[in-house]
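Next come the chains, spelled out residue by residue.
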Amino acid sequence: MSTIIKSTLKLTLRNKGFWFFLIITPLLSVLILNINQDNNLAYYSKDDAPNISELSNLDDKVAYYRGGGEYVIKVYDACQSELSEYLLNKLAENNMFKVCRVKADGLSKEEADKCAENDGINDRMGAALYLDESFDKKAINNEDNAITVYILSDDEREKLLIYEIGQCLGRIQAAATMDAALPKEEASLPKDESDNGLTAHQISQKTLMGYAFAFMTLGFVFCGIIVAHTAIKEQKDMVLTRIKLSGTGSYEYFAAKLIVSIIVSMMLTAILGICSFLVDTDAMGMNRLEFIGMIFLLGIIFCSISLLLGSLMGNVMSANVAAFTLWSLSSMLAGLYFPLDYTTKAIKTLSYIMPQKWFVDGTEMILTDDNKAFFMLLCVTVAYLVIIISLGSVGIKFKSSEE
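## Details of the overall build of the protein chain
Argument step 1. Regarding its fold elements, the protein chain presents 15 helices and 5 strands.
Argument step 2. For the protein chain, buried positions account for 50% of its 403 residues.
Argument step 3. For the protein chain, the share of sequence-separated contacts (at least 6 apart) that also reach a separation of at least 24 residues comes to 78%.
Argument step 4. Accessible surface, the protein chain as shown: approximately 19100 Å² in total, 60% of it carbon and sulfur.

What follows is the structure in structure tokens.
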């Protein structure tokens, strides 16, 4: 078996296409995670979820957001914490308000005053809010200056705004009091739940992670097919027959090829691990080790599936077409490109056959601090491997008996 593994590795490493996918796909996966998330990928959230309009800079005008007659609120958010997200989402839940937020790192109170004065003259809005970097501490301690409110219009809805802010701060303070009084696991501060417990920022993280999965799946699928090319060539050149005459059975032969595909998956994951240092962990929504671990498990599955397809096809061109079909259809049906919330029940059921769907769900679990995510992904990986090994060994044995 070791001889088969060594010879397959040598043939794989000589293939120029293998090196292309080995380097390019991890790099593209990392670059997609660096996309600016300020424009929230809100199409992945529910239609009835609170919608915060993200502004790219302090000078952006909010006047055109008044199309529905809402009371427009411009927010200078220097805090960008879970509590500030909770507050803004609660305001956005009220249909009378339209919340437009600009993420203003390091913006001081004096600078916010100038921005509000300028916006009051050159823009049209109901009010502006300033949340400084210490908003969390001030809100929990019930300090008077937790939020700075700038009233910029003569609109009676300003009273409703003040009332809603007071209610939100009251809930934050009550939750903080409970958190101090009760055991840690029984109390938590309020969290905006715009989509299955995910904040708007987390929805963007999940969406971009899905795109990264799509690029990495492309690499794993075609690298697995390149490994399968060696099996196809060995079948055509009667090398497989000579291997069997030496006493190596179909199970051992396929197991050797499977080990090579796992090694290839490790190589792709290693390149991704190096490239991942180009991305801040905040863009991934998880630590680097969790990210690399998920990609490795996904790689094992798709390299193995590609090996199975190529071995059973017995033709290089057919195997390549099958690999591309596998990548495109599985990514689409798993919901990596667009959500499947409003598709038929049959398509939703079919999506759970696709490995990426389980990894997207695993990403969501990690983002919500669910510790069962990796156990679930390990079980899914083992289940796919059992099916692949069974079909692969039986398929190769059947093809050999036909020949």
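## As for the sheet that holds strand β1 (residues 53–55)
Argument step 1. Taken in spatial order, the 5 strands make up an open sheet running β1-β3-β2-β4-β5, and their pairing is mixed. Single-partner strands in this sheet number two, and they are β1 and β5 (148–151). Averaged over all pairs of adjacent strands, the angle between strand axes in this sheet comes to 25 degrees, irrespective of strand direction.
Argument step 2. Inspection of the sheet shows strand β4 (residues 127–131) paired to β5 by 4 bridges, in the antiparallel sense. Considered in β5, the bridge of L129 is made with V149.
Argument step 3. Helix α3 (residues 82–93) rests against β2 (71–77), β3 (97–103) and β4 of the sheet, and its axis sits at about 155 degrees to β3.

## Quick look at the nonpolar core
Argument step 1. L33, F213, F291 and F359 are the most contacted members of the largest nonpolar core, which has 68 residues in total.
Argument step 2. Element by element, the count of residues in this core is highest for helix α7 (residues 200–236), at 18 residues.
Argument step 3. With residues near it in sequence (within four places) discarded, F213 still touches M294, I295, L298, L336, F359, V360 and T363.
Argument step 4. One finds Y86, L87, A127 and C168 within the second-largest nonpolar core, a separate group that totals 25 residues.

## Quick look at helix α11 (residues 288–313)
Argument step 1. The terminal C-alpha atoms of α11, which comprises 26 residues, lie 37 Å apart, in line with the 38 Å expected from a rise of 1.5 Å per residue.
Argument step 2. Between a side-chain oxygen at the N-terminus of α11 and the backbone nitrogen of L289 the separation is 3.1 Å; the capping residue is N287.
Argument step 3. Immediately beyond the C-terminal end of α11, within one or two residues, lies G314, with a positive phi of roughly 75 degrees.

## Overview of unusual backbone geometry
Argument step 1. For Q80, which is not glycine, the phi dihedral falls at a positive 55 degrees.
Argument step 2. Residue placement: Q80 occurs in the loop between β2 and α3.
Argument step 3. The phi torsion at N142 lies on the positive side, around 60 degrees, for a residue other than glycine.
Argument step 4. With respect to the element layout, N142 can be found in the loop between α5 (135–140) and β5.

## Observations regarding the packing of α11 against helix α14 (residues 355–367)
Argument step 1. Viewed as axis vectors pointing N to C, α11 and α14 meet at an angle of 170 degrees, and their least axial separation amounts to 11 Å. Considering the angle they form, α11 stands roughly antiparallel to α14. On the side of α11, the interface is formed by E290, M294, L297, L298, I301, F302 and I305, while α14 contributes P355, Q356, F359, G362, T363 and I366.
Argument step 2. When the residues that make up the contact of α11 with α14 are grouped by side-chain class, the tally is 9 nonpolar, 3 polar and 1 charged.

## Topic: the pairing of β2
Argument step 1. Where burial is concerned, most of β2 is hidden: 7 out of the 7 residues are buried.
Argument step 2. Here β2 pairs with β3 via 7 bridges, running parallel. Across the sheet, V75 pairs through a bridge with R101, a residue of β3.
Argument step 3. Since β2 and β3 lie parallel, the crossover through α3 that links them has a hand, and here it is right-handed.
Argument step 4. Looking at chain direction, β2 and β4 are connected through 5 bridges and run parallel.

## Quick word on the packing of α11 against helix α12 (residues 316–333)
Argument step 1. For the pair α11 and α12, the least separation of the axes is 9 Å and the interaxial angle reads 145 degrees. Between α11 and α12 the crossing geometry is right-handed. Where α11 approaches α12, its residues F302, I305, S306, L309, G310 and M313 are matched on the opposing element by S318, A319, A322, L326 and S330.
Argument step 2. Within the contact of α11 with α12, the residues separate by chemical class into 7 nonpolar, 4 polar and no charged.

Conventions we followed
Residues numbered from 1 in each chain as written. Predicted model: local features only at pLDDT ≥ 70, side-chain atom pairs only at ≥ 80, totals over all residues. Heavy atoms only, no water. Helix = DSSP H or I, 4+ residues; strand = E, 2+ residues; numbered from the N terminus. Buried < 20%, exposed > 50% of the residue type's maximum accessible area, 1.4 Å probe, protein only. Contact = heavy atoms within 4.5 Å. Areas by Shrake-Rupley, 256 points an atom, 1.4 Å probe, with all protein chains shown as cover. Pairing = 2+ DSSP bridges. Axes fitted to C-alpha atoms, helices over the stretch in contact; angles between N-to-C directions. Core = buried A, V, L, I, M, F, W, Y, C linked by side-chain atoms within 4.5 Å. Expected span 1.5 Å × (residues − 1). Polar contact = N/O pair within 3.5 Å; in protein donor to acceptor, adjacent residues only side chain to side chain. Parallel < 35°, antiparallel > 145°, perpendicular 65-115°, else oblique. Nonpolar A, V, L, I, M, F, W, Y, C, P; charged D, E, K, R; others polar. Right-handed = clockwise from strand over helix to strand, strands pointing away. Left-handed = near helix turned anticlockwise from the far one by under 90°.

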